[in-house]
Amino acid sequence: MLISTAAAQAQDEEASDVIIVQGIRGALGNALNEKREAPNLVEVIQAEDIGKLPDQNLAEVLENITGVQITRTAGVGTGVQIRGTNSNRTEINGVSTVGSGAGRSGISFEDVSASIISAVEVTKASQAKTIEGSVGGTVNLRTIRPLDLDGVLANIRVQGETSSLSTDGIKPRLSAALGNNWSTGAGEFGAVVSASWARQDVSAFRPRADRDNLISSSSGVPSAQSFDFLPIQFLNQDYDNFEYETLNISGTLEWAPTESLRFYFDTIINDQERREESSRVQASGVSSLRNVAVPDSFETVDFGVLPGENGPQTLGSIEAALTGIIPVDLATDDDDPNLRFSGDTNSRITDSRIFSLGTDFNHGNFSARIEGSISSSDSTTPSINTTLNFINPNVPLDPGGANDNAVPFIYDLSGGALTFAVAQNAPFGPSTEQLLDPANVVLRDVNISRDIAENEELAFRGDFSYDLIDSAVGTFLTSVDAGYRFNKSTALRDQVRSNVGLRNLSDSPSGDLFEDILVPGPDNFGDADGRALFVGDFLLIDPELVANDPDAVFASLNAAIAAHGGSISIDDPTSDQSAFFDIEEKTHALYGQVNFEKSIFRGNAGVRYVKTNVASVGNTITNGVATPTTTEGSYDFILPRFNLVASPLENVQLRFSWGKDIRRPDFDDLSTSFTFSTSPNPPVVLGNPDLVPEQVNSLDVSAEWYFAPRAVISVGYFNKKRTNLHVQQQEDPFEDPVTGYRDLTDPCEGGGIFNPIADPNVFAPSGTPVGVCVPVSTTINDPGETTQKGFEVAMQYDLAAWEDTIGFASGFGILANYTHQEFSGGDTVNNASSRASDVFATFGATDVTFKQPLIDLSEDAYNVTLYYEKYGLSARARYTWRSAFRSTDFGSTSSFPWGFPVVQDARGQLNASINYNVTEHLTIGIEGVNLTKSDIRQYCVNDGALLCFQGLTDRRLTFGGSYTF
């Protein structure tokens, strides 16, 4: 980059001339120097050139850092865990950001292009001046400062991206930066603007198979075997497709009228439109045939040992259906299993703005920064999800008038792949022509939403410092810092929805009445792993039309309903008063900090005081009437923090840090409101206004050896004691072990909550009207103390110093890190679901519970980056691996199958890039993400136990060039 790199040459003082190292090595050297000079534990990644961080996606940029793992959505990095926790903060240029959701971590990394960011800084050990709110670390995204430029900055980059699973071709990416500074009679002026516009298309195939029921050997049913086994309960084929259009603009104006005074104005604009055009093919009602469907083969499932409330529980083994056919049995069930085609056309349109105005000044030994800022994020989520039922023409209609009937399925869950398809060759199997005939589908569901989320934070801060170097204590205390910060945070949610469910043929028009809006669904589900069994012939309501002209879709559907003679029409969405909330939070924070340096020691010690007042407005619904209810609360904390650095040898540093922090509850976790779904599977999420902030005491000890220029070996230990941990707890409704039916009346004495609009589906006899007990999920404070501890090892080295000896090979360099972490303690327990309890009882395991661990924590993780930079060539390859971890993201729902969070299996991913400097100004290159197309596997109950979900992700290639003027 054109930013001065003089500071990065501190390790090269023996050279007679200052050599400015650029490219990958320059960026690594600058970042390492920042880490070395910091008084607290930080990690830094700097861009090697304008718009050239090591990855296109900011979450994947952070994955380069020791102790950081990420989670992905359809293969794209979206979530970041620092030392095993999602409870982190994100800032831009030191200013708090707010996200599009109800979380506390700040702006979504998928909303910010890496091309406008000049450096990423992760603070692992806080100072007193560090804003509170982080458990794992604080991520600060830094943009270019114009007064730091050495000359004119002018750069443009043009790229295209393609995905191995996308059918939409190459998507464009454009970015540019322009900046300069000038010396005038009024002082130094500087201005810089960088912008990025990108389209991206990502896809993932996500098959799911549930086997959480029981056929006992003594049941006497036709499918019974000489042993107990798990039958097929549910089959689901998700095709997830997300199309992103992202505009990012970053601008800064700086004016320094004198050397001791500077004014600045920063602007960050992020406009994100994320459109989802996904499809789901469901084999619903499969469980109704469990007593007659005899599997062709079985596999042995060992559930292993589960940590329970009273210690380890050995669960045992059972057989599970592996291959077979789910037949049509008209004598047993005339409308199950049935075939459903769903189109999920969801969007998130987010406008984020960050403005900050401030000044830096110094006078003698006194310096200060005064800053005011506003961060906002306004999102709407227009969503139209439709479901069609396939009416198999080879099977009689349901005599009760229901709008579904039976279809046979074939499944093969062997070889670590969950595959299934319509059994077209089985009795009553439909042909391809019948599956694609509009006359054989009927409208079942139309769910519309236009939810609104508005988040904002207004902040003012003053930071002051006094230099003590000339005072009587200046031989030890170098300076004293103090400051004040006020912020007002607000979060408003308004769910605007309409749910129309058609359950009878008398209300459900057939597809030939709206065939003008029907299209064939994606037929490439086998492209990811070459599977032979999948549903490739089905119809959907055109997702492109739904997204671009929803009124035309509604008009067509209502005309079809009227022509059919149905009594239920598609309504406009209305505000769901029970889901509304408006939360305001005001915080005053004061801090004081002394900085010291003596002999081989330096560091700081200080304390931060925080006082917060919260007011939450929600609606209480009584007899259908909404009454606004305000809940108020307040709390205050004293947060001491201490950092010490010792340099016993010239190139060796030892660090010790201790500090206290808090993590406030997410806004939706505080809400008194909730919403229902038309599906009986996902839990109703209830807020908990009594939640209090988590508290964390963090200890860090590390050693760093800078054994060569731009090289380091480091090892560190961390220990975090957390109290009042925010954990998710789910309560499942009781299900009859024989029929599988749930309670259909309110209240739900056997557990769960009554959902008045949910379709009972297989949880009640055919023809039962809507309304059924469903799972309920809420967030609570874990009453016990938990511990996160672990160690980190990192190494960085290049061979540049060996050029005279090894020639071209001196262009190689390596970065590697490894993290091991453990979680223990806590008192939160998950209980096995009704079905799971029945299964566990067959091998003598009763009252099975699960001591909930930290979600998304991998005990082991590493990444290795090999790079080459020489002769105008710049290349790197990074392999990242993380061990298995517990997850709440399961298929198309967030429920806990078997009553427990699922286990996401260990996974590695290979990314690589190569760039070539054609001329001094022109660079061309290509970048590959997930080159090996590593898939995701999730297991129920324990790692490697029962495979229940897969995520088959794409390979993405980005290619193009940049020109620097």
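The structure under discussion appears in the preceding block.
A brief report on the enclosed structure follows. Keep in mind it's a predicted model, so treat the numbers as computed, not measured. (Residues numbered from 1 in each chain as written. Predicted model: local features only at pLDDT ≥ 70, side-chain atom pairs only at ≥ 80, totals over all residues. Heavy atoms only, no water.)

On to helix 8 (residues 834–841), then. Within helix 8, burial applies to Ser834, Arg835, Ala836, Val839 and Phe840. In this structure, the buried side of helix 8 is in contact with strand 11 (229–230) and strand 17 (317–326). (Buried < 20%, exposed > 50% of the residue type's maximum accessible area, 1.4 Å probe, protein only. Helix = DSSP H or I, 4+ residues; strand = E, 2+ residues; numbered from the N terminus. Contact = heavy atoms within 4.5 Å.)

A few words on the state of the cysteines. Applying the stated criterion to the full structure yields two disulfides. Each sulfur in the disulfide pair Cys748 and Cys773 lies 2.0 Å from the other. Taking the sign of the S-S torsion, about -95 degrees here, the bridge from Cys748 to Cys773 comes out left-handed. Within this pair, whereas Cys748 is found in the loop between strand 35 (726–731) and strand 36 (753–755), its partner Cys773 is found in strand 37 (residues 772–774), the two being separated by 25 residues in sequence. For Cys773, a relative accessible area of 0% gives the class buried. Bonded cysteines in the protein chain are paired 1-2, 3-4 when counted in the order they occur along the chain. (Disulfide = S-S within 2.5 Å.)

Quick look at empty space enclosed by the protein now. The full count for this structure, using the stated rule, is 19 cavities of 30 Å³ or more. If you go around the second largest cavity, you meet 41 residues; those closest to its centre are Glu43, Val44, Asn64, Gln796 and Leu815. Counting residues per element, the ones that place at least two in the lining of the second largest cavity are helix 1 (23–37), strand 1 (42–46), strand 33 (694–708), strand 34 (711–723), strand 39 (786–798), strand 40 (812–825) and strand 43 (860–870). (1 Å grid on protein atoms, 1.4 Å probe; cavity = no way out; pocket = protein on both sides within 12 Å on 5 of 7 lines; lining within 4 Å. Points joined across faces, edges and corners; volume = space filled by probe spheres on them.)

Reading across from one edge, 32-38-35 is the order of the three strands in this open sheet, with mixed pairing throughout. Every interior strand has two partners, whereas the edge strands, strand 32 (684–686) and strand 35, have only one. The average undirected angle you get between the axes of adjacent strands in this sheet is 30 degrees. Of the pairings in the sheet, the one linking strand 32 to strand 38 (residues 776–781) comprises three bridges and is parallel in character. Paired with Val685 across the bridge in strand 38 is Ser777. (Pairing = 2+ DSSP bridges. Axes fitted to C-alpha atoms, helices over the stretch in contact; angles between N-to-C directions.)

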